[in-house]
Amino acid sequence: MKKTTIAALQKLGLRDQKRQRNTQEPEHTERINNTPAGTSLSGHQIPEEQRQTSTGPLFFQDSQNNDFTKANITNVAGNGNIIQNYHSQSSSVVKEITADMITSATPALPLVFKGRDDLVDQGVDILCRQSLRFLAILGAGGMGKTSLALHIIDNPAVKQKFGQRCHFLPCDIFENAEALTQGLVSIMRIMLQENQGKQESLFNHLKATQHDLLIIFDNFETSWNNYSSRTDIRNLLEKIAGCERVSIIVTMRGPHGPGDIPWKALGDDSGIPQLSPAAANEAIKAFAGPKVESSETSDSIIGQLMYELDYVPLAIKLSAYHARKISLDALTEMWKNHKTGMLQDATTQDSRSTSVEFSINLSIQLLDKNKSNNHLLSILSFLPNGVPSWESNLNKMISKSPVGSVISQAKSTIRNLLPGQKHLLSTKSNDPSSSRNLSLEISMLLDTSLIYIQNEGLRMLAPIREFIQSQSPTSQEIIDQLERFYSQFLEDLPDNDMEAQPALQLHINNIEKIYKSQISSCHSKSSCVFAVDILYRFQRFDSVSISLIDLILEKNKNIKKDDEVRMKLRKARILKLMGRFQNAMAQVMSVKDSINEQSLSQPEADILGKCFHILRGIYSAQAQYEEAINMSLQAQKYFKQSENLWAQANSMSWLGEIYYKQARYKEAFEMYSEAQQLFHQIGNELGVAECLKRLGDIYRVQERNDDAIQMISDAQKQFQTFGNQMRAAECLLSLGELYRNQERYDEATEMLIKAQKQFEEIGLKNGLANCMRILGLVYMDQGQYDEAVDMFSNARIQFQNIGKIVDVAGCYRYLGRTYRLQRQYEKAKEAFTEALELLKGFTGERYYIGYTLWEFGDLFFDMKDFVEARRKYEEARDIFSSHGQLEKELDALLHSSVFPCINPHSTLSYASNSSEAMGVIFASWIPGVGTSINLDTDDIHLNDTVVEGSTLASDAQPTVLSSTQVNNTGATQTQFQSTLAHATSFITETTNASTSTATSPPCVPSALSSSVSQADATSTVPQSSSATSALTANTPAAYNGRNANNNSGLSTTLTSGSSP
């Protein structure tokens, strides 16, 4: 080992604390040259049981203050692999390398090999179809480079091209060009001629071959980084590459292949990537065996652990060895406590394939003794996101650190190291006068694969970060500087959330770690409350916000009262969005109860208004609408007292949302219109657009699809202009449902997939779930039942994760219907049963329960279990008959010509026209005479929009916008007037439309509705034709819950990430 290497290890403190080495007493001084295995440097044979067995970088433990010049050291490998040329002198003796030794050192083809098929195909394509000859498999230690090489050469196409002429050379056992040559001669079984050297014999053989030949240099960095032999090794490799029938695969750490050879690298610019989450899940289960079984709970635990391991293959394999013996919970706790110390195979000697720390140390030992390595490693290992846009950010992050003054020097060297990424590097140096050369430090780290460049950022894999931090923690001075950088970064974020979120996403894990560290240690140099205020704008980062809020409330004993109240109410909103309703309510009540309601100041009245507004959202999310209405009215009372006009308008809009869910459309329309006028009065254009969108939803449920499409499309464009991605996504979802109603399935799918993508980007799980649910209906409409099942199942999981139990039950109902259409009756029965079981806790959800029972009856009818079918129909009838608004419809149904077949006083029989009869029943049994209903959406009101992510939700007092200010947002006065014109048009068209007076709600009531107001009895709805004939199909499969006219009685309007 070189002195510089030992020094670097000493500085970093990277010593193995587990091993104790016994030192032999010296007899006399010998140079450390290559000597036969099992002999001391004095020439004495060492008994096997006394031999030092480690060949890794930790061969000399506790290497400080050691003098090796008189040491008697055993050379186990016999080739000087790690202990090499201490005095930097060339080896004069090379131990003979036999073919058997090489075969023994060659690993077997891995049986567990997940998520790499694409890379194998890419490698095979390069070698066999593109006829390129030089393949480089690059990346950090533990990424599976050797496994990839073995699977590539095992591919049939490679075997066909190269036959038995594939020669695998494990370079761990070769230290120089002479040893490599000897290894090649041995595995190719080249007979040496008299008076002919090994290299001459090798090249004569390679040039004379008439067939394609493949050489694999595995772990080539071992030989390549022996700097005393670098020139000889380069010459050897480039001469081999000059033989036209020879192809080469090289696996090594570093950003590029060795020498001046036109390598084709596998993977991306940073080498082979980590495993995908799905492949990592499969891999750990395959390694762990039957001990780890699939379930929602275990998959969740595994998913989190794989994320923390950064999906590194070696780390996954070694963690799986523990999972064979202990529970997943215990495994997670082990990782929390021991980090990389647990990532080893304790049953065997440490090596690059059995210990993550050993593998990392192989890279660290290559570093120079320069102290800047330590600082840079320590800084980068503290940042989970690395340094995004490192050219512009790294100098700002560490400008006061020992390495900060010379960062600009790195660029020219990196440009030379990565010629394929020149676009990442500008030619301009920020500090051309700097005397120190950080480029050497960065390039060295890149060469060892301790860091890598990805998307213009410097990154470090999680296991490497954890190990470096355990050995060389980042100083408080550096953390303070990082906090100052991110405080300014948050302050400089654009006001437009759609522009700001992508930039914030790149740094969010860094921000969380830095502020948690500073809050916990009470070292914060800036306002952590300010950081939370910024993050709170972005619902995607709610988990980060709430973790910081908890720490602030716990650690900051000097927090201002106003800040404390704001933090608690924001925590309550986030808890509500997570479905933790009781915790959210407790948080609100802790604020509410601290205020004396008898003598209120304006600020206190405003706080109470916010408390009641959040309580409204909590009750509404649980379908407790009457309580929600009371809370909303209380909120409006206090907002009027505090003279907060924006909050008053916002509260009116959400009260309209509750009415909408109850199918009380007249009252909903009035609330939306009143809120819209108040938003217009205070100049809040975003609020006006939100009301426009919601009025468009009322058009939609009244089946005025073209008008609804126009209004919602206009609203969507305005939301795009404002940068409100959540509201824009809601519009896309509504448009998807509208296109579905018109049987424009391609356009519906396009809108829904766009909405789904946006909800994923901003982290709105409820919106994502609703997209999946409606996509399921689109697939079901088209008879694509397997795809529908997948969508409903995924939606169910999402709803369950956020506590939306009624929606979970709805997904089970859709699954039951889909299985029935597939004639998978037992699965359908299980799904309907599960839906009814979940709805037991929501007795107010009469429509959900009634329609679930009705469809359950359909299932038994199809199964010809007529007794059970009649029982379900009767239960459904009882549910609906207990609801006064449906009494007349039920009376008509009871006296219809087809009802006797399910009347308890009649015999239930299966007639030849049963399907047609069922269609008539469905058409008749609709809460809304003269209105055709789409039973797919009979009870799905999704207008569960969030409070927190939008202007309508913010608890900040908005500023009244002048016309100039409005124009500065990118929206024109014409757009604003157009918005109001739409609202006026809606009022006029609703009044003048051809309508019929209904004695029931204008369409099927909301899935979440618990009551329907008497006020709705006089609501007007458009007249629909062919309501009955639409559902008289004569085959069971023809009825899939939609009528021929695709009229959507109740539809999926919303979606945002959560309920209000």
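On a predicted model such as this, the values are computed, not experimentally measured, just so you know.

### Brief notes about the overall build of the protein chain
Then, number 1: Of regular secondary structure, the protein chain possesses 44 helices and 9 strands.
Then, number 2: Scored against the burial criterion, the 1060 residues of the protein chain give a buried share of 59%.
Then, number 3: Restricting the contact set of the protein chain to residue pairs at least 6 apart, pairs at least 24 apart contribute 75%.
Then, number 4: As presented, the protein chain carries roughly 42400 Å² of accessible surface, and 47% of it is formed by carbon and sulfur atoms.

### So, the confidence of the model for the protein chain
Then, number 1: The share of residues in the protein chain with pLDDT of 70 or more is 70%, and the mean pLDDT across the chain is 76.
Then, number 2: Across residues 402-417, where pLDDT falls below 50, the model places 57 contacts with residues more than four positions away in sequence or in other chains.
Then, number 3: Note on residues 885-1060: pLDDT under 50 across the span, and 497 contacts to partners over four residues away in sequence or across chains.

### Considerations on the nonpolar core
Then, number 1: By size, the foremost hydrophobic cluster in this structure holds 126 residues, and its most contacted members are F679, F719 and F759.
Then, number 2: If one sorts the elements of this core by residue count, helix α35 (residues 765-781) sits on top with 10 residues.
Then, number 3: If you look at the next biggest cluster of nonpolar residues, it comprises 108 residues, including L305, A320, L446 and I511.

### Some points on the packing of aromatic side chains
Then, number 1: All told, the structure shown has 14 aromatic pairs when counted by the stated rule.
Then, number 2: Through a chain of ring-to-ring contacts, the aromatic side chains of F217, F220 and W224 assemble into a single cluster.
Then, number 3: In this structure, R694 packs its charged tip against the face of W654, placed 4.3 Å from the ring centre.
Then, number 4: Stacked on the ring of Y814, the Lys or Arg R813 has its end atom at 5.3 Å from the ring centre.

### Focus on the pairing of strand β1 (residues 134-138)
Then, number 1: Along β1, 5 of the 5 residues are buried, which leaves the element largely enclosed by surrounding structure.
Then, number 2: Inspection of the sheet shows β1 paired to strand β4 (residues 246-252) by 5 bridges, in the parallel sense. When the sheet's bridge partners are listed, A136 is paired in β4 with V250.
Then, number 3: When β1 meets strand β5 (residues 264-265), the two strands line up parallel, connected through 2 bridges. By the bridge assignment for β5, L135 is matched with K264.

### Topic: the UniProt feature "repeat: TPR" (unreviewed entry) in the protein chain
Then, number 1: Within this numbering scheme, the UniProt entry marks residues 649-682, 769-802 and 809-842 as carrying the feature "repeat: TPR" (unreviewed entry).
Then, number 2: When the span residues 809-842 is considered, its composition is 82% helix and 0% strand, and the gap between its end C-alpha atoms is 10 Å.

### Section: the sheet that holds β5
Then, number 1: A sheet is described by the order of its strands in space; here 5 strands give the open sequence β2-β3-β4-β1-β5, paired in parallel fashion. Where the open sheet ends on each side, the last strands, each with one partner, are β2 (166-170) and β5.
Then, number 2: Contacts from helix α3 (residues 117-129) reach β1, β3 (213-218), β4 and β5, with the element oriented near 160° to β1.
Then, number 3: Sheet contacts for helix α9 (residues 230-241): β1, β3 and β4; angle to β4, the most-contacted strand, approximately 140°.

### Some points on the packing of helix α11 (residues 296-308) against helix α13 (residues 328-338)
Then, number 1: Look at α11 against α13: their axes get within 10 Å of each other, and the N-to-C directions meet at 20°. Considering the angle they form, α11 stands roughly parallel to α13. When you trace α11 past α13, the crossing you get is left-handed. Residues S298, I301, I302, L305 and E308 of α11 pack against L328, D329, L331, T332 and W335 of α13.
Then, number 2: By residue class, the composition of the contact of α11 with α13 is 6 nonpolar, 2 polar and 2 charged.

### Re the environment of E750
Then, number 1: Within the secondary structure, E750 is located in helix α34 (residues 745-762).
Then, number 2: Separated by 17 residues in the primary sequence, E750 and L733 place their C-alpha atoms 10.0 Å from one another.

### A closer look at unusual backbone geometry
Excluding glycine, residues mostly carry a negative phi; peptide bonds, for their part, are mostly trans.
Then, number 1: Phi is positive for E456, close to 70°, though the residue is something other than glycine.
Then, number 2: Despite not being glycine, E643 has its phi angle at roughly 60°, a positive value.
Then, number 3: Along the polypeptide, E643 turns up in the loop between α28 (625-641) and α29 (645-661).

### Comments concerning helix α23 (residues 528-535)
Then, number 1: Burial analysis of α23 places 6 of its 8 residues in the buried class, which makes it a mostly covered element.
Then, number 2: Here α23 has its buried residues at C528, V529, A531, V532, I534 and L535.
Then, number 3: Looking at the buried residues of α23, the elements they touch are α20 (476-491), α21 (497-505), α22 (508-521), α24 (542-555) and α25 (561-577).

Reading the values: the criteria
- Every chain begins its residue count from 1, and numbering advances along the sequence as written.
- Confidence filtering applies because this is a predicted model: local features only for residues at pLDDT of at least 70, side-chain atom pairs given and counted only at 80 or more, and all residues used for totals across whole chains, interfaces and linings.
- To get the side-chain values, take all heavy atoms of the structure and skip hydrogens and water.
- Here a helix means four or more residues in a row that DSSP labels H or I, a strand means two or more in a row labelled E, and each is numbered from the N terminus.
- Three exposure classes are used, based on accessible area relative to the maximum for each residue type with a 1.4 Å probe and protein chains only: buried under 20%, partly exposed in between, and exposed over 50%.
- The criterion used for residue contact is that any of the two residues' heavy atoms lie within 4.5 Å.
- The accessible surface values rely on the Shrake-Rupley method and a 1.4 Å probe; as for residues, cover is taken only from the protein chains in view.
- Predictor confidence is given residue by residue as pLDDT, running from a minimum of 0 to a maximum of 100.
- We call a set of buried residues a nonpolar core when its members are Ala, Val, Leu, Ile, Met, Phe, Trp, Tyr or Cys and they connect through side-chain atoms within 4.5 Å of each other.
- Only Phe, Tyr and Trp rings are paired, with Trp represented by its six-membered ring, and only when their centres lie within 6.5 Å; those with planes under 30 degrees apart are stacked, over 60 edge-to-face, the remainder tilted.
- A ring is scored as having a charge over it whenever the NZ atom of a lysine or the CZ atom of an arginine sits within 6 Å of its centre and within 35 degrees of its normal.
- Pairing between strands is defined by DSSP: at least two bridges between them are needed.
- UniProt positions are given in the numbering used here, feature names are shortened, and annotations may be inferred rather than shown by experiment.
- Axes here mean lines fitted to C-alpha atoms, for a helix over just the part in contact, with angles spanning 0 to 180 degrees between N-to-C directions.
- Under this scheme an angle from 65 to 115 degrees is roughly perpendicular, one under 35 degrees roughly parallel, and one over 145 degrees roughly antiparallel; angles in between are oblique.
- Less than a right angle of anticlockwise turn of the near helix away from the far helix marks a crossing as left-handed, whereas a clockwise turn marks it as right-handed.
- Only Asp, Glu, Lys and Arg are considered charged in this grouping, and only Ala, Val, Leu, Ile, Met, Phe, Trp, Tyr, Cys and Pro are considered nonpolar; every other residue, Gly among them, is considered polar.

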